[in-house]
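Survey of secondary and tertiary structure
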Amino acid sequence: MHESKDFVSLYHDRYCQKHNLRFFILGRGSNCLFDDRGFDGCIILNQIDFVEKIFPATYRVGSGYAFNQLGLQCSKDGLTGLEFGTGIPGTVGGAVYMNAGAGGQETADVLKSVEIIMVDGRRKTFRRSELIFSYRKSPFQHMQNFVAIVSATFELASLSSSRERQKLYLESRRNKTQPIGERSAGCVFRNPTTTSLSAGAVIEQAGLKGVMVGGAKVSEMHANFFINVGNSTSADMCSLINIVKEQVRQKLGVDLQEEILYVPYN
Ligand SMILES: Cc1cc2nc3c(=O)[nH]c(=O)nc-3n(C[C@H](O)[C@H](O)[C@H](O)COP(=O)(O)OP(=O)(O)OC[C@H]3O[C@@H](n4cnc5c(N)ncnc54)[C@H](O)[C@@H]3O)c2cc1C
């Protein structure tokens, strides 16, 4: 474990407290839309980057570790539960915080425990049974005095075909249906609960594929991905999000809610 880096972020938290500065813990930023003016405060880039195999199927992983690397490693080790992770370009901390998921799997399914750091600098470990997760929701999104996820422990199950499952998932699903390689923050909206259609299908049905505001565009390949095709500003993206929400509400009576996180300037 990179204790020094862990210590650095702890130091920053206390520094921010002392100087009354806002701070934001950043993984890879793969689910974030920052304001065009930046962020009036301190961005703490998480680099707690380690993997420890505790038992043959149990890993304790630093929250800054790449989630796609973890998914690949586990699949290669003949373990199932994180195959979907190979397509998610964030960190382990971001995946736990967002309860990232895909293809019927989600992060919380294989979590054993999560170690966090509190505002007063204390560390706390929660067992999975103490934490309530749901679709793209974790208790850390609303936990009082919470600062950051430091590490997560995952308990997986053996499956000889896990590597094949992981490859199939990447090749058949993600690479053919999502605009990989384009600049996006993944799915913009959560799947609605009022219809069996996905958010992407709803946007497509409303005839909004390809709609643009400035350099921001609804992907032709997957309508829930909004891509930066030129020099999109954050304001372009926000306008596009609002237009799509409004049109989908008017045409189909469906209320879409954002999955991406807008990070305001102040
Ligand atoms: C091409 C593409 C495909 C994607 N596909 C999927 C998908 O299939 N499924 C899915 O669920 N998501 C998907 N995403 C969205 C995104 O990758 C996930 O939400 C990911 O888990 C975010 O991780 P991150 O490290 O980038 O978090 P960030 O975007 O950096 O942060 C997201 C939030 O988590 C918080 N956070 C991050 N790390 C910590 C920490 N250590 N402690 C406390 N808070 C923390 C941040 O403060 C922020 O509020 C995709 C994104 C892209 C660009």
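Residues numbered from 1 in each chain as written. Predicted model: local features only at pLDDT ≥ 70, side-chain atom pairs only at ≥ 80, totals over all residues. Heavy atoms only, no water.

**Quick look at the packing of helix α2 (residues 67-76) against helix α4 (residues 162-177)**
Selection criterion: Lines are fitted to the C-alpha atoms to define the axes, a helix being fitted only along its stretch in contact, and any angle between axes, read from their N-to-C directions, falls within 0 to 180 degrees. A run of DSSP states H or I qualifies as a helix once it reaches four residues; a run of E qualifies as a strand once it reaches two. Both are numbered from the N-terminal end. Here roughly perpendicular refers to angles of 65 to 115 degrees, roughly parallel to angles under 35, roughly antiparallel to angles over 145, and oblique to all remaining angles. Two residues qualify as a contact provided that any one of their heavy atoms is within 4.5 Å of a heavy atom in the partner residue. The nonpolar class holds Ala, Val, Leu, Ile, Met, Phe, Trp, Tyr, Cys and Pro. Asp, Glu, Lys and Arg form the charged class, and all remaining residues, Gly among them, are polar.
Orientation of α2 relative to α4, taken along the N-to-C sense of each, is 140°, at an axis distance of 7 Å. Looking at the two axes, α2 sits oblique to α4. Facing α2, whose interface residues are L72, C74, S75 and K76, α4 presents S162, R163 and Q166. Grouping the amino acids of the contact of α2 with α4 by side-chain chemistry returns two nonpolar, three polar and two charged.

**What to know about the sheet that holds strand β10 (residues 123-127)**
Just so we agree on the cut-off: For two strands to be treated as a pair, DSSP must find at least two bridges joining them.
Across the sheet, which stays open at both edges, the five strands sit in the order β4-β5-β11-β9-β10 with antiparallel pairing between neighbours. A single partner strand is all that each edge strand has here, and the edge strands are β4 (51-55) and β10. The mean angle between the axes of side-by-side strands here comes to 25°, regardless of whether they run parallel or antiparallel. One ladder, built from five bridges, connects strand β9 (residues 111-118) with β10; its direction is antiparallel. For V114, the partnering residue across the bridge sits in β10 and is F126. Strand contacts of α2: β4, β5 (58-62) and β11 (146-155), with the helix running at about 160° to β5, the strand carrying the most contacts.

**Brief notes about the site of the ligand**
The criterion, for reference: To be near a molecule or strand, a residue needs just one of its heavy atoms within 4 Å of it. Within 3.5 Å is the distance limit for a polar contact, defined as a pair of N or O atoms, with the added protein rule that one can donate a hydrogen and the other accept it, and that residues adjacent in sequence qualify only through two side-chain atoms. The Shrake-Rupley method, run with a 1.4 Å probe, gives the accessible areas here. Residue values count only the displayed protein chains as cover. A domain assignment, automatic or from a database, supplies the domain bounds used here.
Lining the immediate surroundings of the ligand are 33 residues, of which I25, S30, T91, G101 and R174 lie closest. A distance of 3.1 Å separates an oxygen atom of the ligand from a polar atom in the backbone of R28. Coverage of the ligand by the protein amounts to 94% of the 970 Å² it exposes when considered alone. If you list the elements that add at least two residues to the shell around the ligand, you get β1 (23-26), α3 (92-98), β7 (101-102) and β11. A per-element tally of the shell around the ligand places α3 first, with five residues. When residues are assigned to domains, the shell around the ligand turns out to be shared by domain 1 (3-164) and domain 2 (183-263), each giving three or more.

**As for the sheet that holds strand β15 (residues 226-228)**
If you trace the three strands from one edge of the open sheet to the other, you get β13-β14-β15, paired in antiparallel fashion. Two strands in the sheet have a free side with no partner beyond their single neighbour: β13 (212-213) and β15. Across three bridges, the pairing between strand β14 (residues 216-218) and β15 is antiparallel. Bridged to K217 within β15 is I227.

**Notes on α2**
Note the threshold: Categorising residues by exposure relies on relative accessible area from a 1.4 Å probe, with only protein chains included: less than 20% of the type maximum marks a residue as buried, more than 50% marks it as exposed, and the intermediate range marks it as partly exposed. What the arc describes is the spread of directions from the helix axis to the C-beta atoms.
Of all the residues in α2, the buried ones are F67, L70, G71, C74 and S75. Along the axis of α2, the buried positions cluster into a sector of 130°, meaning they face one direction only. As for α2, its buried residues are in contact with β5, β6 (79-80), α3, β11 and α4. Among the residues trailing α2, G78 stands out with phi positive, at a value near 75°.

**A word on the pairing of β4**
Pairing between β4 and β5: four bridges, direction antiparallel. Its bridge partner being in β5, V51 is matched across the sheet by V61. Linking two consecutive strands that pair antiparallel, namely β4 and β5, is a turn of two residues.

**Details of unusual backbone geometry**
You will see that R136, though not glycine, has its phi angle at about 60°, which is positive. Its relative accessible area of 13% is what places R136 among the buried residues. In the Ramachandran plot, N145 falls in the positive-phi region, its phi being about 60° despite a non-glycine side chain. Within the secondary structure layout, N145 lies in the loop between β10 and β11.

**Some remarks on the domain arrangement of the protein chain**
We count it as follows: Buried area is understood as the total, over both parts, of accessible area removed when two parts are fitted together, assessed with a 1.4 Å probe.
Per the domain assignment, the segments making up the protein chain are domain 1 (3-164) and domain 2 (183-263). For domain 1 versus domain 2, the distance between C-alpha centres works out to 26 Å. On the domain 2 side, the residues contacting the 13 residues of domain 1 number 15 residues. Both sides together, the interface formed by domain 1 and domain 2 hides about 1,300 Å², and carbon and sulfur atoms give 53% of it.

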